[in-house]
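Residue strings, one per chain:
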Amino acid sequence: MAKLLEGKPIAERIKEEIREQALSLRVKPVLASVMMGDDPGAVSYSKSQARVAQELGIEYQPHNLKANTTETHLLDFIKKLNTNKSVHGIIIQNPVPAQVDYKKLSSFIDPGKDIEGIHPGNIGKLIFGGSRLIPCTAYAVMELILASGVDLYGKEAVIVGHSEIVGKPLALLLLERFATVTVCHIGTSKAGKLEGHVKRAEILIVAVGCPGLIKGAWVKEGSVVIDVGINRVGDNIVGDVEFTAAEKRAAYITPVPGGVGPLTVVMLMRNLIEAIKSQQSGEYV
Ligand code: NAD
């Protein structure tokens, strides 16, 4: 039976590190959140950011703009946050309304304040390794894998899902640790090849948003399984992996909820501290 990789104890340890590091910063960290409209997912994520910020002595500045805010107005607003020296980090709550081009927006945030790690400059740095502002969910997944204690060197790592926030950055983070990385996606499934790839995964990460996509019987004996998926099924939240069957085969597995989720916001705050350190040292982040 697999050992559970729970996010909460790791999140508590990282919060402790953040508190310690924040003491040496000589400023109260300030995080500006920009939300357009009131999408329930964005509202809920923003609330958990505000709660964790408060726990860590971080000032959380919510900027709630109307859903019909024009892109020009929004870019102007971000420009002001970019140049406001009292703001250390900026987060744009997703989803943004249809009239706003999210990719354009992510390029517009000052890369030194981009605590979500979505600016093309920060994403580009992942290629070279040693990046400091890492997309939070991918960063959280890496923390969970490292918590298993399993050495990644030469391991077969299979990622299912190739989004900009999870699968793609994660592939680069795993390569940095010399895992052999395969990235699967909808094309892999449509070609009927998903099962074959999953079956040889010593490290399996799934971020799709499709309950039960990964059959328990596909999970390799003794593997590490990180389930990023969040799916509402009736009154329950479940992941993308058939947990009960997978748990019998894996050596380590994340629960859903309670695995990746509790860590994501904490990684955002860790990025904020890194951003402030770089701002203070004058170093390009
Ligand atoms: P996305 O929705 O942007 O992309 C989905 C990915 O899954 C794509 O790569 C697509 O090709 C792939 N896919 C779709 N159907 C597939 C299939 N049948 N077989 C194989 N691949 C398939 O992804 P995202 O934004 O990374 O979100 C993925 C999941 O992770 C969602 O459930 C989301 O809620 C969850 N998520 C959780 C956290 C967290 O903090 N726990 C953070 C981000 C996302």
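Before any of the text, the structure's been laid out above.
Residues numbered from 1 in each chain as written. Predicted model: local features only at pLDDT ≥ 70, side-chain atom pairs only at ≥ 80, totals over all residues. Heavy atoms only, no water.

The pairing of strand S5 (residues 156-160) with strand S6 (residues 180-184) spans 5 bridges and is classified as parallel. Bridging across to S6, valine 158 finds its partner in threonine 182. Crossover handedness for the path S5 to helix H7 (residues 167-176) to S6: right-handed. (Pairing = 2+ DSSP bridges. Helix = DSSP H or I, 4+ residues; strand = E, 2+ residues; numbered from the N terminus. Right-handed = clockwise from strand over helix to strand, strands pointing away.)

Attention shifts here to helix H2 (residues 40-55). Counted at 1.5 Å a residue, the expected span for H2 with its 16 residues is 22 Å, and the 23 Å between its end C-alpha atoms agrees. All buried positions along H2 are accounted for by Ala42, Ser46, Ser48, Gln49, Val52 and Ala53. Buried residues of H2, seen end-on, are gathered within an arc of 160° and therefore sit on one face of the element. Along H2, exposed side chains directed more than 90 degrees from the buried face belong to Pro40, Lys47 and Gln54. Lining the buried residues of H2 we find helix H1 (7-23), strand S2 (30-36), strand S3 (59-65), strand S4 (89-92) and helix H11 (261-281). Between a side-chain oxygen at the N-terminus of H2 and the backbone nitrogen of glycine 41 the separation is 3.0 Å; the capping residue is aspartate 39. Positive phi appears at glycine 57, one or two residues downstream of H2, with a value of about 70°. (Expected span 1.5 Å × (residues − 1). Buried < 20%, exposed > 50% of the residue type's maximum accessible area, 1.4 Å probe, protein only. Arc of directions from axis to C-beta. Contact = heavy atoms within 4.5 Å. Polar contact = N/O pair within 3.5 Å; in protein donor to acceptor, adjacent residues only side chain to side chain.)

The strands making up a sheet associate through hydrogen bonds between their backbones, and the pairing can be parallel or antiparallel. One open sheet accounts for 3 strands, arranged S3-S2-S4; its pairing is parallel. Looking at which strands have only one partner, the edges of the open sheet turn out to be S3 and S4. Each strand of the sheet is rotated relative to its neighbour by a mean of 20°, with strand direction disregarded. (Axes fitted to C-alpha atoms, helices over the stretch in contact; angles between N-to-C directions.)

Over the atoms a probe the size of a water molecule is rolled, and this reveals where empty space is left. By volume, the largest pocket is sized at about 1,200 Å³. Around the largest pocket, the lining is made up of 45 residues, and of these Tyr45, Thr137, Ile230, Gly261 and Thr264 lie nearest the centre. Counting only elements with at least two residues in the lining of the largest pocket, the list comes to H1, H2, S4, helix H6 (136-148) and H11. In terms of residue count, H2 provides more of the lining of the largest pocket than any other element does, 7 residues in total. Split by residue class, the lining of the largest pocket holds 25 nonpolar, 13 polar and 7 charged. Counting the residues that make up the lining of the largest pocket, at least three belong to each of domain 1 (25-112) and domain 2 (136-261). (1 Å grid on protein atoms, 1.4 Å probe; cavity = no way out; pocket = protein on both sides within 12 Å on 5 of 7 lines; lining within 4 Å. Points joined across faces, edges and corners; volume = space filled by probe spheres on them. Nonpolar A, V, L, I, M, F, W, Y, C, P; charged D, E, K, R; others polar. Domains from an automatic or database assignment.)

Okay, the sheet that holds strand S7 (residues 203-206) next. Strands sit in the order S1-S11-S8-S7-S5-S6 across an open sheet of 6 strands; the sheet is parallel. Either end of the sheet is taken by a strand with one partner, and the two such strands are strand S1 (3-4) and S6. Across 2 bridges, S1 lies against strand S11 (residues 252-253) in parallel orientation. Residue pairing across strands places lysine 3 opposite tyrosine 252, the latter belonging to S11. On the sheet, H6 packs against S7, strand S8 (224-227) and S11 and is oriented at approximately 155° with respect to S8.

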